[in-house]
Amino acid sequence: MRGLIYKDICLFFKSIEKRQSIIIGILIILLFFKAGIYAGLMTSIMLGMTIGIQNILSFGNDEKAEWKKYQKTMPVSDYKVVASKYISIIYILLPGILVSIIFNLLSNVIYSYWTISLFSLSIAATVTIPLVWSAISLPLTYLFGFHTAQAVGFVFIFPMVYIINFFEDGPGLTALPDTMTAYIIILFLICALLFILSYFLSVVGYSRKH
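Reading the values: the criteria
- Position labels on residues start from 1 in each chain and follow its written sequence.
- This being a predicted model, a pLDDT of at least 70 is required before a residue's local features are given, and a value of 80 or more before pairs of side-chain atoms are given or counted; all residues contribute to the totals for chains, interfaces and linings.
- With hydrogens and water set aside, each side-chain value is computed from the structure's full complement of heavy atoms.
- A run of H or I in DSSP counts as a helix once it spans at least four residues, and a run of E counts as a strand once it spans at least two, with each numbered from the N terminus.
- Geometry of aromatic contacts follows a simple scheme: Phe, Tyr and Trp rings, the Trp one being its six-membered ring, pair when their centres are within 6.5 Å, and the pair is stacked under 30 degrees between planes, edge-to-face over 60, tilted otherwise.
- Under the scheme applied here, a residue whose accessible area is under 20% of the maximum for its type counts as buried, over 50% as exposed, and between as partly exposed, the area being computed with a 1.4 Å probe on protein chains only.
- For this analysis, a nonpolar core means a set of buried residues of the types Ala, Val, Leu, Ile, Met, Phe, Trp, Tyr and Cys, connected via side-chain atoms within 4.5 Å.
- Here the expected span of a helix is defined as 1.5 Å times the quantity of residues minus one.
- To obtain the bend at a residue, axes are fitted to the seven residues ending there and to the seven starting there, and the angle between these axes is taken.
- Within 3.5 Å is the distance limit for a polar contact, defined as a pair of N or O atoms, with the added protein rule that one can donate a hydrogen and the other accept it, and that residues adjacent in sequence qualify only through two side-chain atoms.

Undergrad: Which residues make up unusual backbone geometry, and what values go with them?
TA: One non-glycine residue, Ser-112, adopts positive backbone phi at about 50°. Here Ser-112 lies in the loop between α5 (78-111) and α6 (116-144).

Structural data, given as structure tokens:
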């Protein structure tokens, strides 16, 4: 099981192209300085989107390699293979959370503005965006194929762009409640339930593969 998790984590990072990393890095830096006091939140949303997209791409590489053929030669169940992917997704969130914290600290230093609501939303965005993205993409990958999952996954870019515009050009933080704790807890619970349901759907889809 640990070997499978290690494989999936390595596949995630090896799937990252240097050119892609440079472009995303430049976009995040530009967004950081353009967003002003919302820099930490905006870059966290962008980071969450990046992790979500990269998860889809790494799933696709695994499917193209037809890894299940190798699995048949090993004493590993379908449940464990799918579980390793979901666990690896959670592990990959850890460096994302660290980067989000760094961006929020930099935003505080540069713009001298920090609120617990912004910080909480930043961490929530870094965690929930990749979780939801992956929870939808993985079952689609196993049930309908990588290209379908990729097409549906990229649709989620549009609501993310709306959220960014909401803070940059819209009412932003003033339109949010004074405390976000209850909403963030509910959001995490919904994501957890979606993630668990997604796992069982993925097991069904993966078991049907030849």
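Here the narrative resumes.
Undergrad: Account for the packing of aromatic side chains, naming residues and giving values.
TA: Here the structure, examined in full by the defined rule, presents eight aromatic pairs. Relative to Phe-13, the ring of Phe-12 has its centre 5.1 Å away and its plane inclined at 85°; by these criteria the two rings are edge-to-face. Classification of Phe-12 as buried rests on a relative accessible area of 5%. By relative accessible area, Phe-13 is classed as partly exposed at 43%. The interplanar angle of 70° and the centroid separation of 4.9 Å between the aromatic rings of Tyr-86 and Phe-195 together place this pair among those described as edge-to-face. Highlighted residues: Tyr-86 in helix α5 and Phe-195 in helix α9 (residues 181-208), separated in sequence by 109 residues. Among the residues examined, Phe-195 registers a relative accessible area of 11% and is labelled buried. The structure contains a cluster of three or more aromatic residues connected by ring pairs, namely Phe-32, Phe-33, Phe-103 and Tyr-111.

Undergrad: Provide a residue-level description of the nonpolar core, including the pertinent values.
TA: Judged by nonpolar contacts, the single largest core of 21 residues is most densely connected at Leu-41, Met-42, Ile-45, Ile-129 and Trp-133. Elements represented by at least two residues in this core include exactly α2 (18-34), α3 (39-64) and α6. It is α3 that provides the largest number of residues to this core, a total of eight residues. By size, the runner-up hydrophobic cluster in this structure holds 19 residues, among which are Phe-59, Val-76, Ala-83 and Ala-135.

Undergrad: Tell me about α6, and name the residues and values.
TA: Taking 1.5 Å of rise per residue, the 29 residues of α6 would be expected to cover 42 Å, and the 41 Å separating its terminal C-alpha atoms lies within 8% of that figure. Along α6, the largest kink reaches about 25° and is centred on Ala-125. Across the 29 residues of α6, 22 count as buried, placing the element largely inside the fold. The N-cap residue of α6 is Thr-115: its side-chain oxygen and the backbone nitrogen of Leu-118 are 3.1 Å apart.

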